[in-house]
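Per-entry structural report
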Amino acid sequence: MGKRTVLHILESLRPEAGSLAVILPGLLGSLEGEGFGSMFTAWEPGRTPPDESRPVMPAPAALRAEDVLGRIATSDIIHFHGWNGSACRALAAAARAARRPCVITPLGALAAGPYHPRGWRDKLRGVLWESALIRGAAAIAANNQAEAAAMQRSVSGARVTTLGYGVLVQEYAGARTTDAGGSRRAGADRRLLVLGPVHPVEGLVPLLKAFAELGRDADGWSITIAGPAEGGWRSMIEAAVRRKGAADRVRFAPAADAAAQRALLAEADALACVGLHFRAPVSIMQALASGVPVLATDCVAPDGLNDVTGACPPQREAIRERLRELLRLDDEARARLGRAGREAALARWDWSVVGPRYAQLYRSIV
């Protein structure tokens, strides 16, 4: 039997902070060893930059968005990473017409929650059309068990499995200039990094409020928010920071590609990924591989993170107390936590470990 082909459909091929385009290419090598080839495209043509000089995905595996319909008919499996509503429904309908099995990793789009309510239009659309496509999917993949449980409640009849993401740990080898956390910048402020889109669902508002409420426990710390601005949220958050007189302790930085993100991680003393709804754990994977201690909410944390650093509910009070614990650690304690995270990443979340699980799922449905 020849090599099977998987078409991966993402929101964007740009390797911006928080984008799956940063970590998903690491799956290619693992799948190749399991007998699967991979192609990548984005569901929005305007967000697919095939002609840019800046690399977006491995060149042989990146498709122009306008070629995706033809590729669906010649691929063995279609895997949606994210679920964009109308765009994904159209592509899933094309896959159904071509009798191609689909895997959907919705990244929170199919799970109701206080920060992601499903209104009457969503429910009506689900009854009329979307539910048939979802129930007809070969598998619905959740990032963690919490999302799997939420989807079981929200989507009746869906075949839900848990299949998280990985990272090529070796890509981040040597990112840290020393193992001793903040001691590499003696006398300088410690840096808490947020690496992802500037949007309320990423938990920026409760994180900043929690940081302000720590008082003296936050002395000597500053926050760097690095990632693409969505809508006008960055300007609004910047204005709020200035009104509170915290502009000297909260800065914004670009992080347009993986190299810039690795540089930010090399200077970070801790990373916060405090999404308020189910999200892709891209920055968590990067931080673990870099040996950076992580503060995460349980809706974005990969299964097993509790064994390493712990995760908290997506509420300000819980974020504040976990943040207090992390910021109170001395440099050596944080360094030990970072080393433990990297060891766990090698054992649990490296693509060499996670990739075969994808191959097993694909084999079960082809």
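Notes on the structure follow. Because the structure is predicted, anything quoted here is derived from the model rather than measured. (Residues numbered from 1 in each chain as written. Predicted model: local features only at pLDDT ≥ 70, side-chain atom pairs only at ≥ 80, totals over all residues. Heavy atoms only, no water.)

1. Topic: a positive patch on the surface
- Judged by side-chain charge, K209, R242, R243 and K244 come together as a positively charged surface patch.
- Structurally, K209 is set in helix α6 (residues 204-213).
- Judged by relative accessible area, which is 42%, K209 ranks as partly exposed. (Patch = residues over 30% accessible without salt bridge, like charges linked within 9 Å, V, L, I, M, F, W, Y side chains within 5 Å. Areas by Shrake-Rupley, 256 points an atom, 1.4 Å probe, with all protein chains shown as cover. Salt bridge = Lys/Arg side-chain N within 4 Å of Asp/Glu carboxyl O. Lys, Arg positive; Asp, Glu negative; His and termini not counted. Charge placed at Lys NZ, Arg CZ, Asp CG, Glu CD. Helix = DSSP H or I, 4+ residues; strand = E, 2+ residues; numbered from the N terminus. Buried < 20%, exposed > 50% of the residue type's maximum accessible area, 1.4 Å probe, protein only.)

2. A word on the nonpolar core
- In terms of nonpolar packing, the biggest core is built from 92 residues, with F80, L195, L271, I284 and Y358 touching the most fellow members.
- Element by element, the count of residues in this core is highest for helix α12 (residues 351-365), at seven residues.
- When neighbours within four sequence positions are excluded, L271 is seen to be in contact with L192, L193, L195, L265, S283, I284, A287, V292, P293, V294 and L295.
- Counting 27 residues, the second largest nonpolar core, distinct from the first, contains V194, L214, L326 and L337. (Core = buried A, V, L, I, M, F, W, Y, C linked by side-chain atoms within 4.5 Å. Contact = heavy atoms within 4.5 Å.)

3. As for the pattern of salt bridges
- Applying the stated criterion to the full structure yields 17 salt bridges.
- Here R324 makes a salt bridge to E321, at a shortest N to O gap of 3.2 Å. Here R324 and its partner E321 are both found in helix α10 (residues 316-328), three residues apart, which amounts to about one turn of the helix.
- Taking relative accessible area as the criterion, E321 reaches 33% and is therefore assigned partly exposed.
- The salt bridge partner of R322 is E325, with a shortest N-O separation of 2.8 Å.

4. Structural notes on α10
- Along its 13 residues, α10 runs 18 Å from first to last C-alpha, staying within 8% of the 18 Å computed at 1.5 Å per residue.
- For α10, the set of buried residues is I319, R320, R322, L323, R324, L326 and L327. (Expected span 1.5 Å × (residues − 1).)

5. Some thoughts on the sheet that holds strand β11 (residues 294-297)
- One open sheet accounts for six strands, arranged β9-β8-β7-β10-β11-β12; its pairing is parallel. Since the sheet does not close on itself, it has two edges, and those belong to β9 (250-253) and β12 (311-312), each with one partner.
- For strand β8 (residues 221-226) and β9, the ladder comprises four bridges, and the chain directions are parallel. Within β9, the residue paired with T224 across the bridge is R251.
- Contacts from helix α9 (residues 282-290) reach β7 (190-195), β10 (270-273) and β11 within the one sheet, and its direction differs from that of β10 by about 160°. (Pairing = 2+ DSSP bridges. Axes fitted to C-alpha atoms, helices over the stretch in contact; angles between N-to-C directions.)

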